[in-house]
Amino acid sequence: MSIHRQKTKPKLSVVIAFFNMEREARRTLFSLSTKYQQGFNKDEYEVIVLDSGSSQPLDPNWVTSIQDNYRYQY
């Protein structure tokens, strides 16, 4: 038997667009995580990462591995 927790709708959506900025993306996305931020629960917000056609796109698995409230769109 598996127990599924119903995810509540986040209170805040943060949308960030990147284009050929892997180094900046790594720093920025870490700074939005609960490992860096204080006083936030990851269920209160979501981070939507938009890669605007970079020649070397961000790794979607890396983006979503930062925290489970991160989503990636190329």
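Residues numbered from 1 in each chain as written. Predicted model: local features only at pLDDT ≥ 70, side-chain atom pairs only at ≥ 80, totals over all residues. Heavy atoms only, no water.

A. Spotlight on the nonpolar core. Ranked by size, the top nonpolar core spans 12 residues in total: Ile16, Phe18, Ala25, Leu29, Tyr45, Val47, Val49, Leu58, Val63, Ile66, Tyr70 and Tyr72. Per-element accounting of this core gives the leading share, 3 residues, to strand β2 (residues 45-51). Ignoring anything within four residues of it in the chain, the contact list for Tyr72 reads Val49, Asp51, Pro57, Leu58, Pro60, Val63 and Thr64. (Core = buried A, V, L, I, M, F, W, Y, C linked by side-chain atoms within 4.5 Å. Buried < 20%, exposed > 50% of the residue type's maximum accessible area, 1.4 Å probe, protein only. Helix = DSSP H or I, 4+ residues; strand = E, 2+ residues; numbered from the N terminus. Contact = heavy atoms within 4.5 Å.)

B. Region of interest: the environment of Val47. Secondary-structure assignment places Val47 in strand β2. On the basis of relative accessibility, which here comes to 0%, the residue Val47 falls in the buried class. With residues near it in sequence (within four places) discarded, Val47 still touches Val14, Leu29, Leu32, Asn69, Tyr70 and Arg71.

C. Here's a closer look at the pairing of strand β3 (residues 70-73). Here β3 shows one buried face, formed by Tyr70 and Tyr72, and one open face, formed by Arg71 and Gln73. Inspection of the sheet shows β2 paired to β3 by 4 bridges, in the parallel sense. Note on β3: the bridge partner recorded for Leu50 is Gln73. Following the chain from β2 across helix α2 (residues 60-66) to the adjacent parallel β3, one finds a crossover that is right-handed. (Pairing = 2+ DSSP bridges. Right-handed = clockwise from strand over helix to strand, strands pointing away.)

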